[in-house]
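Structure assessment
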Amino acid sequence: MKRLYGTLMAVGLALVVSMCSTSSIQEEEQEYTEAQLGNEKVTIDPVAMEQELLDLVNDHRSSIGENVLQNSPSSYKYAEEHNQYMISHNKLSHDNFNDRATKIAAETNAVSVSENVARYYTSSEIILEAWLNSSSHKEAMEGDFTHTTLSVQLDKDGRPYYTQIFLKVE
């Protein structure tokens, strides 16, 4: 019986491996590692992480010839509230974005608003890489914007949630 079970497991594993995507082992290991972060307690400094990630985003924008984004302190409360919402629902989302964007635009005279979200990442470099590997997140990060704000907050288990808002103010 054990031999039959072992054989079935080997055949099943071979089928699964042959049907997997063409992603590299390194990509799969990174995805696995990042997925596991949802189950681990991590320790980060949210304020330091905010500044580090903002600097990396601006460094990236500069490297591709885009303008450096100015800080939008009045929009911070919306990023913070959205993090609190995601934490309370234990999910990553863009829920209520249109309402958030409308309020931000009214307060800042922004003509366009976008956002990127993330959770559980423990390094600014990994978040930046993930956003660059996602066409919609990359588009927001590299878009025609003038201002930004970023909130990093920890859930009760110390896991970080991120909301970065991008604005074009004329």
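Our structure's up above, just so we're on the same page.
First, a word on scope: everything that follows refers to the structure included in this document. Note that the structure is a prediction, hence the values are computed from the model and not measured.

Let us look at the pattern of salt bridges. Applying the stated criterion across every chain yields a total of nine salt bridges. Two residues, Arg100 and Glu115, come together in a salt bridge whose shortest N-O distance is 3.0 Å. One end of the pair, Arg100, is in helix H5 (residues 97-108); the other, Glu115, is in strand S2 (residues 110-119), and 15 residues separate them in sequence. Lys168 is the partner of Glu170 in a salt bridge, and the nearest nitrogen-oxygen pair spans 3.8 Å. Among the residues examined, Glu170 registers a relative accessible area of 72% and is labelled exposed.

Under the definition given, this model contains two aromatic pairs. Ring plane angle 75° and centroid distance 5.9 Å describe the contact between Tyr120 and Tyr161, whose orientation is recorded as edge-to-face. A residue pair is termed long-range when its members are at least 10 positions apart, and Tyr120 in the loop between S2 and helix H6 (124-132) and Tyr161 in strand S4 (residues 160-169) qualify at 41 residues. Taken individually, Tyr120 and Tyr161 each receive the classification buried, so the pair is uniform in this respect.

Take the sheet that holds strand S3 (residues 147-154) next. Within a sheet, neighbouring strands are paired by backbone hydrogen bonds and run either parallel or antiparallel to one another. Strands sit in the order S1-S3-S4-S2 across an open sheet of four strands; the sheet is mixed. With one partner strand each, in any of the chains shown, strand S1 (70-71) and S2 form the two edges of the open sheet. Across two bridges, S1 lies against S3 in parallel orientation. Across the sheet, residue Asn71 finds its bridge partner in S3, namely Thr148. Strands in contact with helix H4 (residues 76-89) are S2, S3 and S4; relative to S3, the strand with the most contacts, it is inclined by about 35°. In this fold H5 packs onto S2 and S4, with an angle of close to 135° to the strand it touches most, S2.

This part takes up the side chain of Ser93. Relative to the helices and strands, Ser93 resides in the loop between H4 and H5. Residues contacting Ser93, with those up to four places away along its chain left out, are His82, Tyr85, Met86, Glu115 and Val117.

With 18 residues, helix H3 (residues 46-63) extends 25 Å between its outermost C-alpha atoms, agreeing within 8% with the 26 Å of an ideal straight helix rising 1.5 Å per residue. If you check which residues of H3 are buried, you get Met49, Glu50, Leu53, Leu54, Leu56, Val57, Asn58, His60 and Arg61. Considering only its buried residues, H3 is in contact with H4, H6, helix H7 (135-141), S3 and S4. You can read the cap of H3 off the contacts: a side-chain oxygen lies 3.2 Å from the backbone nitrogen of Val47, and it is on Asp45. In the stretch just after H3, Gly65 is the one whose phi turns positive, near 85°.

Right, let's talk about the packing of H4 against H5 for a bit. Packing of H4 against H5 leaves a shortest axis separation of 10 Å and a crossing angle of 165°. If you check the angle between H4 and H5, you find them roughly antiparallel. In the packing of H4 onto H5, the handedness of the crossing is right-handed. Taken together, the residues of H5 that come into contact with H4 (itself represented by Lys77, Tyr78 and His82) are Arg100, Lys103, Ile104 and Glu107.

Most peptide bonds take the trans configuration, and most residues that are not glycine carry a negative phi. We note that Asn109 has phi near 65°; this positive angle belongs to a residue other than glycine. Note that Asn109 resides in the loop between H5 and S2. In this structure, Tyr120 takes a positive phi of about 75° despite not being glycine.

Relative to each other, H3 and H6 sit at 45°, their axes nearing to 9 Å. Overall, the two elements H3 and H6 adopt an arrangement that is oblique. The handedness of the crossing between H3 and H6 comes out as right-handed. Contacts from Met49, Glu52, Leu53, Leu56, Val57 and His60 of H3 reach H6 at Ser124, Glu125, Ile127, Leu128, Trp131 and Leu132.

Reading guide: rules and limits
- Here the residue numbers are simple positions, counted from 1 along each chain's written sequence.
- With pLDDT at 70 or above as the cut-off, local features in this predicted model cover only qualifying residues; side-chain atom pairs require 80 or more to be listed or tallied, and sums for whole chains, interfaces and linings still use all residues.
- Note that water and hydrogens are dropped before the side-chain values are worked out from all heavy atoms of the structure.
- Any Lys or Arg side-chain nitrogen located within 4 Å of an Asp or Glu carboxyl oxygen qualifies as a salt bridge.
- We count a stretch as a helix when DSSP gives it H or I for four or more residues in a row; a strand needs E for two or more, and each element gets its number in order from the N terminus.
- Three exposure classes are used, based on accessible area relative to the maximum for each residue type with a 1.4 Å probe and protein chains only: buried under 20%, partly exposed in between, and exposed over 50%.
- Between rings of Phe, Tyr and Trp, where Trp is taken as its six-membered ring, a pair exists when centres lie within 6.5 Å; planes separated by under 30 degrees are stacked, by over 60 edge-to-face, and by other angles tilted.
- Strands qualify as paired when DSSP identifies two bridges or more between them.
- Any two residues having at least one pair of non-hydrogen atoms within 4.5 Å are treated as being in contact.
- What counts as an axis is a line fitted to C-alpha atoms, over the stretch in contact for a helix, and the angles between N-to-C directions run from 0 to 180 degrees.
- Expected span, for any helix, means 1.5 Å times one less than how many residues it has.
- The definition of a polar contact used here is a pair of N or O atoms within 3.5 Å, where within protein one atom must be able to donate a hydrogen and the other to accept one, and adjacent residues in sequence count solely through side-chain atom pairs.
- These descriptions rest on fixed angle ranges, namely under 35 degrees for roughly parallel, over 145 for roughly antiparallel, 65 to 115 for roughly perpendicular, and the rest for oblique.
- Helix crossings are classified by the rotation of the near helix relative to the far one: an anticlockwise turn of less than a right angle makes the crossing left-handed, while a clockwise turn makes it right-handed.

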